[in-house]
Amino acid sequence: MTDPQTPREPFVPPTAFAVPGRIEVSSRSAAVWQRATVVEIRRETPLVSTFRLKVPDWQGHLPGQHLMLRLTAEDGYVAQRHYSIASAPDGSGEIELTLDHVPGGEVSGHLHTVAHVGDTVEVRGPLSGFFAWPGDRPALLLGAGSGVVPLMSMVRHQRLAGLDVPVRLVVSARTPADLIYADEYADETTVVLTRSEGRLNAAHLAPFLGAQGQPEGGWEAYVCGSNGFAEHASRLLVEGGQPVDRIRIERFG
Amino acid sequence: MTFEPTRGFTGRARAADRDPRLPPGQYDAGDGWPVLSAEVTPRLAAADWTFRVDGLVAAPRTWTWDEAHALPASEYRGDIHCVTSWSKFGVRFGGVSLDTFLAAARPLPEATHVVAYAHTGYTSNLPLSDVTGGKAWIVWEYGDEPLPAEHGGPARLIVPHLYFWKSAKWVAGLRLLDRDEPGFWEQNGYHHRGDPWAEERYAGD
Ligand SMILES: Cc1cc2nc3c(=O)[nH]c(=O)nc-3n(C[C@H](O)[C@H](O)[C@H](O)COP(=O)(O)OP(=O)(O)OC[C@H]3O[C@@H](n4cnc5c(N)ncnc54)[C@H](O)[C@@H]3O)c2cc1C
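Keep in mind it's a predicted model, so treat the numbers as computed, not measured.

Visitor: Explain the overall build of chain B residue by residue, including any values.
Guide: Of regular secondary structure, chain B possesses three helices and eleven strands. Its helices and strands taken in sequence order, chain B reads β-β-β-α-β-β-α-β-β-β-β-β-β-α from the N to the C terminus. Compactness check: chain B gives a C-alpha radius of gyration of 18 Å against a globular reference of 17 Å for 205 residues, within 12% of the reference. In terms of principal-axis extent, the alpha carbons of chain B reach across some 60 × 35 × 30 Å. Total accessible area computed for chain B in this model is approximately 7,800 Å², and 53% of it derives from carbon and sulfur atoms. Taken as two groups, the 20 positive and 27 negative side-chain charges of chain B have centres that lie 2 Å from each other.

Visitor: Kindly report on the UniProt feature "domain: Oxidoreductase molybdopterin-binding" (unreviewed entry) in chain B, identifying the contributing residues and their values.
Guide: In this numbering, the UniProt entry assigns the feature "domain: Oxidoreductase molybdopterin-binding" (unreviewed entry) to residues 41-185 of chain B. Across residues 41-185 of chain B, the secondary structure splits into 10% helix and 41% strand, with the terminal C-alpha atoms separated by 17 Å.

Visitor: Break down the pairing of strand β8 (residues 167-173) of chain A for me, with residues and values.
Guide: Residue and element names in this part refer to chain A. Judged by how many residues are buried, β8 sits mostly within the fold: six of seven residues are covered. Of the pairings in the sheet, the one linking strand β7 (residues 139-144) to β8 comprises six bridges and is parallel in character. Residue pairing across strands places L140 opposite R168, the latter belonging to β8. The parallel pair β7 and β8 is bridged by helix α3 (residues 148-160), and the resulting crossover is right-handed. In this structure, β8 lies alongside strand β9 (residues 189-193), joined through five bridges in parallel fashion.

Visitor: Give me the lowdown on the sheet that holds strand β2 (residues 50-55) of chain B, citing residues and values where you can.
Guide: Residue and element names in this part refer to chain B. Taking strand neighbours across the sheet as the criterion, the five strands line up as β3-β2-β11-β6-β7 in an open arrangement whose pairing is mixed. The open sheet terminates on both sides in strands that have one partner only, identified here as β3 (61-64) and β7 (123-127). Neighbouring strand axes in the sheet, compared pairwise and without regard to direction, differ in orientation by 15° on average. Strand direction decides the pairing type here: strand β6 (residues 113-118) and β7, joined by five bridges, are antiparallel. From the neighbouring strand, V115 faces β7, where its bridge partner is N125.

Visitor: Run through the site of the ligand, naming residues and quoting values.
Guide: Close to the ligand lie 23 residues, the nearest being H82, Y83, P103, V107 and S108 of chain A. Flanking the ligand are residues from chains A and B. Interatomic distance of 2.8 Å between a side-chain N/O atom of R81 of chain A and an oxygen atom of the ligand. In the model, an oxygen atom of the ligand is placed 2.8 Å from a nitrogen or oxygen of the E106 of chain A main chain. Protein contacts shield 72% of the accessible area of the ligand, which totals 960 Å² for the unbound molecule. Of all the secondary structure elements, the ones that give two or more residues to the shell around the ligand are β4 (78-84), β5 (94-100), α2 (106-113) and β11 (247-251) of chain A. A per-element tally of the shell around the ligand places β4 of chain A first, with four residues. Residues of the shell around the ligand, tallied by class, amount to nine nonpolar, eight polar and six charged. Taken domain by domain, the shell around the ligand gets at least three of its residues from each of domain 1 (17-127) and domain 2 (139-252) of chain A.

Visitor: Outline the UniProt feature "domain: FAD-binding FR-type" (unreviewed entry) in chain A, supporting the account with residue identities and numerical values.
Guide: UniProt tags residues 31-133 of chain A as "domain: FAD-binding FR-type" (unreviewed entry). Spanning residues 31-133 of chain A, this segment combines 8% helix with 47% strand, and its end C-alpha atoms are found 22 Å apart.

Visitor: Any details on the side chain of S84 of chain A? Residues and values, ideally.
Guide: Residues and elements named next belong to chain A. In this structure, S84 sits in strand β4. Relative accessible area serves as the criterion here: at 5%, S84 is assigned to the buried category. Look past the residues within four positions of S84 in its chain and what remains in contact with it is Q65, H66, E96, L97, V149, P150 and F252.

Visitor: Could you give an account of the nonpolar core, with specific residues and numbers?
Guide: The biggest cluster of nonpolar side chains holds 46 residues, and the ones touching the most others in it are F51, V53, L98 and I138 of chain B. Of all elements in the fold, only β2, α2 (98-105), β6, β8 (137-142), β11 (171-177) and α3 (184-187) of chain B reach the threshold of two or more residues within this core. It is α2 of chain B that provides the largest number of residues to this core, a total of four residues. Among all residues touching F51 of chain B, those that are not within four sequence positions of it are R61, T62, W63, L98, F101, I138, V171, A172, G173 and L174 of chain B. Judged by nonpolar contacts, the second largest core, of 24 residues, contains V48, L141, Y185 and C224 of chain A.

Here is what the cut-offs are and how they apply
- Residues numbered from 1 in each chain as written.
- Chains lettered and ligands numbered in written order.
- Predicted model: local features only at pLDDT ≥ 70, side-chain atom pairs only at ≥ 80, totals over all residues.
- Heavy atoms only, no water.
- Helix = DSSP H or I, 4+ residues; strand = E, 2+ residues; numbered from the N terminus.
- Rg over C-alpha atoms; globule rule 2.2 N^0.38 Å.
- Areas by Shrake-Rupley, 256 points an atom, 1.4 Å probe, with all protein chains shown as cover.
- Lys, Arg positive; Asp, Glu negative; His and termini not counted.
- Charge placed at Lys NZ, Arg CZ, Asp CG, Glu CD.
- UniProt positions renumbered as here; feature names shortened; annotations may be inferred.
- Buried < 20%, exposed > 50% of the residue type's maximum accessible area, 1.4 Å probe, protein only.
- Pairing = 2+ DSSP bridges.
- Right-handed = clockwise from strand over helix to strand, strands pointing away.
- Axes fitted to C-alpha atoms, helices over the stretch in contact; angles between N-to-C directions.
- Near = heavy atom within 4 Å.
- Polar contact = N/O pair within 3.5 Å; in protein donor to acceptor, adjacent residues only side chain to side chain.
- Nonpolar A, V, L, I, M, F, W, Y, C, P; charged D, E, K, R; others polar.
- Domains from an automatic or database assignment.
- Contact = heavy atoms within 4.5 Å.
- Core = buried A, V, L, I, M, F, W, Y, C linked by side-chain atoms within 4.5 Å.

The structure is reproduced here in structure tokens:
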């Protein structure tokens, strides 16, 4: 069973997983907790709201990145969760998070039912450069439910920065009432309403895959949502010919 | 640094009766087991799975599924902790202790660190001392069931005393080095070691 290779010969895995060297993450700012003030709360759907936070020392972020949010009780008990950043980097010193109201949820429950404008929370970030889009390559974005949040940051960035690079968003929601950011979608977006038309399928993606649908150089695909959606959508992409090493996935748990 | 409490936040669990198994900043995921991988779940058949130990070892080796299963069985019963803040208590993983594989490959004296690599190309770095002495396993069972693919099946590494991103899914091998070489998440802003009790989450912690 001992094989004849020399001890130092590197192993080459059968598939290369793309580590995006092009993305620089500032780990300095990510290490520091900062006090953020809620400056606006906007209802998106009956169960989803957007929280706009003023973060005085925010160092900026790339569309797609997330942060960690922490709540502290009087007795020192803390609860912290990850949330994707919904806003585009705009240098305003303010960022937006969009949260599902999870039934019985400790952190999302507090923000939806107790928090009001003027309250403070703590945040650290931005975190993880892997699921981030600097705006350099054509991007095919697939999201379901609140999974659309980091993808919307990318769409907003493309618009705000006036980028020519193609972006396509396929967003899945149960009903029109559950569709987050419904008013903001334009030609780049395909909406899949699962209650009436069933879940995302190969036909929804067909226009973007294959020889006709691809932009020059192909897509960088970003998939975000529940694990169930992430598994399903990433499999459809692979079956449609999208290379595995050009699919980035953010699972909300 | 001390923090001002968040107005009106009481928290689900009180600090006083916080479960002592819960490291700081973590919450109990209960029966849930969130999936957190940034890659497409590979469809890797057990028959195609291999595990290799190479680098600074006297006898680099590759084990097939059957060869690995012929080694003495070992299990981990205990808790696991993910950097995204959930912990899971009292899990059981069945497989083989990493010590068994390493004993066969015979690490050279200069080996100090390892890079665990996955069949997908994912990597994670660890000090050798964190994966020896009964602290790490290659596992293919979760409870009494085969390890599900989305959780790293057919086989993954587990290093339960560190945050779970160190426990490479779909593990393909371990390379022994004489230096620390950051892996996938470590190059993406995560802490090099990842001790949940010291809250070593991100670079700079
Ligand atoms: C990288 C990343 C980005 C994310 N981005 C977003 C985002 O943009 N928007 C968003 O909405 N979410 C996002 N999430 C998910 C988010 O982090 C939280 O998981 C989510 O908000 C739920 O947290 P919570 O504290 O409200 O619920 P939790 O208290 O954690 O509860 C979660 C579930 O477990 C159940 N539960 C837990 N404990 C108990 C208990 N003791 N008794 C009964 N039931 C229990 C709850 O009922 C609920 O169904 C993201 C996650 C990750 C990892």
